[in-house]
Amino acid sequence: MAKVFITRKIDETVIRELKKNFDVEVWDSEDEAVPRDVLLKQAGECHALLTMLSDQVDEELLTAAPHLKVVANMAVGYDNIDVEAAEKAGVIVTNTPDVLTDTTADLAFALMLAAARRISEAAYYIKNGDWTSWSPYLLAGRDVHHKTLGIIGMGKIGQAVAKRAAGFDMNILYHTRSRKLEAEEAYGAQYKSLSDLLEKADFVLVLAPLTEETRGMIGAEQFRQMKNSAIFLNVGRGPVTDEAALIEALQSGEIAGAGLDVFEQEPISADHPLLSMKNVVAVPHIGSASTETRFAMMKLAADNIKAVLTDERPLTRVSL
Ligand code: 8YV
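About the criteria used
Residues numbered from 1 in each chain as written. Predicted model: local features only at pLDDT ≥ 70, side-chain atom pairs only at ≥ 80, totals over all residues. Domains from an automatic or database assignment. Contact = placed C-beta atoms within 7 Å. Nonpolar A, V, L, I, M, F, W, Y, C, P; charged D, E, K, R; others polar. Helix = DSSP H or I, 4+ residues; strand = E, 2+ residues; numbered from the N terminus. Expected span 1.5 Å × (residues − 1). Buried ≥ 20, exposed ≤ 12 C-beta atoms within 10 Å, placed from the backbone. Near = placed C-beta within 6 Å. Axes fitted to C-alpha atoms, helices over the stretch in contact; angles between N-to-C directions. Parallel < 35°, antiparallel > 145°, perpendicular 65-115°, else oblique. Left-handed = near helix turned anticlockwise from the far one by under 90°. Pairing = 2+ DSSP bridges. UniProt positions renumbered as here; feature names shortened; annotations may be inferred.

Interfaces are frequently sized by the accessible area removed from exposure as the parts join. Splitting the protein chain by domain gives domain 1 (3-99 + 291-309) and domain 2 (101-282). Between domain 1 and domain 2, the C-alpha centre-to-centre distance is 31 Å. At the interface, 5 residues of domain 1 touch 6 residues of domain 2. Partitioned by chemical class, the residues of the side of domain 1 that touches domain 2 number 1 nonpolar, 2 polar and 2 charged.

And the structure:
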């Protein structure tokens, strides 16, 4: 019987379904990544791996995995996987697109609203008992409606954010590898060069995946190009931004605030300078974290494994 290793405790019904056909082992922790030596040992014995972003699938692992046929990543991003090396080793890589699009777009929008309207500051203020009188500018933030949103990385999630932004009467600019005429037609989004977008946007939202091209794409020069009133948002991957430059831009007033779901190093340490800034709203990489969507991601990853191990076409294969 083909062997499957799942690197985190996931939904029981998804595991049970896989167990009908395969010999399944699970790293029995919800919040602790599987240690590297355990992962390597399991990879050496199994035919399929159901992985998370915190698992590195690299040449070392692929070399140690003679029976491996499929790596099903429970994420749309796959920067934790050396896809080229996997392809060379004859291992299929799959991800979980589509099922998380709306949930991640909701979170991006929530971060934008939270940063603009100072929601986490306000929540802390009231819980801390600081609300003793009314004042006209108490926690006054900025409007989102009718402002300009610049989206960097206009894939499916970017387009779902544009749809939401159109409902807020926002002016939408975008920068991405190839023009998205559908979004231009449907939401009035305008394609711009990166510097044009940065100069004009009130909200700059990064949704780009992490690749060699996008690593460090937003650095000191790009923050200088933004308005001093701009709010920077990152729901893509931390290393797309030069975090030191972001801190500097926030401290010097080059930009007004930030909303962050992703960081250069995850988990971020509690004493990280970004976390003590009042004008930063930070959440721990929860873009796709709704119960419904996490279930859909688990199920899609498991369905991809089932397809490959029964010689069917995987549902959502990653290819270079
Ligand atoms: C997940 C993500 O939150 O899908 C991705 O690429 O970054 C998120 O949806 C998460 O990292 C699941 O592994």
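All right, on to helix 5 (residues 101-116) then. Compared with the 22 Å implied by 1.5 Å per residue over 16 residues, the 23 Å span of helix 5 between its first and last C-alpha is a close match. Every buried residue of helix 5 is listed here: Thr103, Thr104, Ala105, Leu107, Ala108, Phe109, Leu111, Met112, Ala114, Ala115 and Ala116. Looking one or two residues past helix 5, arginine 118 carries a phi angle of roughly 55 degrees, positive in sign.

Take unusual backbone geometry next. Following glutamate 266, the chain continues to proline 267 via a peptide bond in cis, the omega torsion being -5 degrees. Turning to its location among the elements, proline 267 is positioned in the loop between strand 11 (257-260) and strand 12 (280-282). In this model, aspartate 169 sits at a positive phi of 55 degrees, which is unusual for a non-glycine residue. Its location among the elements puts aspartate 169 in the loop between helix 7 (156-167) and strand 7 (171-175). The exposed category is assigned to aspartate 169, around which 10 C-beta atoms lie within 10 Å. Of note in the backbone geometry, histidine 285 takes a positive phi value of approximately 45 degrees without being a glycine. Mapped onto the secondary structure, histidine 285 falls in the loop between strand 12 and helix 12 (291-309). Judged by the 19 C-beta atoms lying within 10 Å of it, histidine 285 falls in the partly exposed class.

Turning to the site of the ligand, a few remarks are in order. Near the ligand, the surroundings consist of Met52, Leu53, Met74, Ala75, Val76, Gly77, Leu100, His285, Gly287, Ser288 and Ala289. In terms of residue class, the shell around the ligand is built from 7 nonpolar, 4 polar and no charged.

On to the packing of helix 5 against helix 7, then. Contact geometry of helix 5 with helix 7 gives a least axis separation of 8 Å together with a crossing angle of 55 degrees. The angle between the axes of helix 5 and helix 7 places the two elements in the oblique class. Pair helix 5 / helix 7 crosses with right-handed handedness. For the pair helix 5 and helix 7, contact is made by Thr101, Asp102, Thr104, Ala105, Ala108 and Phe109 and by Lys156, Ile157, Ala160, Val161 and Arg164, respectively. Grouping the constituent residues of the contact of helix 5 with helix 7 by class yields 6 nonpolar, 2 polar and 3 charged.

Let us now look at the environment of valine 4. Looking at the element boundaries, valine 4 is found in strand 1 (residues 3-6). C-alpha separation for the pair valine 4 and leucine 68, spaced 64 residues apart in sequence, amounts to 9.4 Å. With residues near it in sequence (within four places) discarded, valine 4 still touches Leu18, Phe22, Val24, Cys46, His47, Ala48, Leu50 and Ile305.

In spatial order, the strands read 2-1-3-4-5; together these 5 strands make up an open sheet with parallel pairing. Only two strands of the sheet have a single neighbouring strand rather than two, namely strand 2 (23-26) and strand 5 (92-94). Averaged over all neighbouring strand pairs, the angle between strand axes comes to 15 degrees, with direction disregarded. With 3 bridges joining them, strand 1 and strand 3 (residues 48-51) adopt parallel strand pairing.

Mapped onto this numbering, the UniProt entry gives "domain: D-isomer specific 2-hydroxyacid dehydrogenase catalytic" (unreviewed entry) at residues 4-318. Note that residues 4-318 is 37% helix and 14% strand, and that its end C-alpha atoms are spaced 19 Å apart.

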